[in-house]
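Here is what each chain is made of, one letter per residue.
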Amino acid sequence: MTQSITNKKIIIVCNSTFAYNQFLVNLVIKLNKLKNEIYLIAGKDNNNSNIETHNLKKIFFVEMPKRKILNFLSFINTIRSVNKIIKLLHPDIIISNNRDASFCTRLGMFFIKKNKIKNIYFARGFYFHDDQNYLTWILTYLIEVFLLFKTDYILSQSKQDIKKINFINSYINVPISWVGNGVNKNKFKYRKKNFNINKIQFATTSRITIGKGLDDLLFVFSKLVK
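Residues numbered from 1 in each chain as written. Predicted model: local features only at pLDDT ≥ 70, side-chain atom pairs only at ≥ 80, totals over all residues. Heavy atoms only, no water.

Colleague: Break down the pairing of strand β6 (residues 153–156) for me, with residues and values.
Modeller: In this structure, strand β5 (residues 118–123) lies alongside β6, joined through four bridges in parallel fashion. For Tyr 121, the partnering residue across the bridge sits in β6 and is Ile 154. Crossover β5 to β6 through helix α4 (residues 134–147) is right-handed. By the bridge criterion, three bridges tie β6 to strand β7 (residues 176–178) in an arrangement that is parallel. Bridge assignment links Ile 154 to a residue of β7, and that residue is Ile 176. Handedness of the β-α-β unit built from β6, helix α5 (residues 159–172) and β7 comes out right-handed. (Pairing = 2+ DSSP bridges. Helix = DSSP H or I, 4+ residues; strand = E, 2+ residues; numbered from the N terminus. Right-handed = clockwise from strand over helix to strand, strands pointing away.)

Take a look at the structure:
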């Protein structure tokens, strides 16, 4: 997709410096080689001074929303900040990443008149997810549907999310591509191990967060060992 993007003014929006350094640097390098002018809007965090610039034209740091305490005012402030930057730069393309950053970006674009900006949404996870109760899932699903009207292209890491959003998107027709969520095994050292075939052995991989269900897993394991 990047091969067809040349001589454009592009804004990349993400939640944090960490997200940019880990996931977006290679994209910026490729877009720079194609003579594009790249700007970055990133959430403020403790790593802002360690950002990998790679010929970014300019970096804007903004406060990203504080979702955990349902601070709606912080969403409004972020939307206003992103909206002002978009009006200042008049970009051709915006590539918004992560849920909160993309939510504020696309909602901010509703308030720009004669908007010809192409918006690419890199969805590493939609607002709706399996850990929500029924009412919350419906509400966040409707939010994603509403934001489709300010989206020109979606890249999703989840095939399941694509199936769920396509129930409505079949009427709106926003192009969606699956990009996967692979792991670069060259970054890890590993060795073969011979297991005792007379025992049942378990392994699991995930981030250590509440939503991954590790507490449930430990509870079950404690029962199994007895």
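Having seen it, we continue.
Colleague: Which residues make up the nonpolar core, and what values go with them?
Modeller: Counting residues in each nonpolar core, the largest one holds 20 residues, and the members touching the most others are Ile 10, Ile 12, Cys 14, Tyr 20, Ile 38, Leu 40 and Ile 95. For this core, the secondary structure elements donating two or more residues are β1 (9–14), α1 (17–33), β2 (37–43), β4 (93–97) and β5. The greatest single-element share of this core, amounting to six residues, is contributed by α1. Not counting the four nearest positions on each side in its chain, Leu 40 is found in contact with Ile 12, Cys 14, Tyr 20, Ile 51, Leu 56, Lys 58, Ile 59 and Phe 60. Judged by nonpolar contacts, the second largest core, of 16 residues, contains Ile 41, Val 82, Leu 89 and Met 109. (Core = buried A, V, L, I, M, F, W, Y, C linked by side-chain atoms within 4.5 Å. Buried < 20%, exposed > 50% of the residue type's maximum accessible area, 1.4 Å probe, protein only. Contact = heavy atoms within 4.5 Å.)

In short, shape yes, function no, at least from these values alone.
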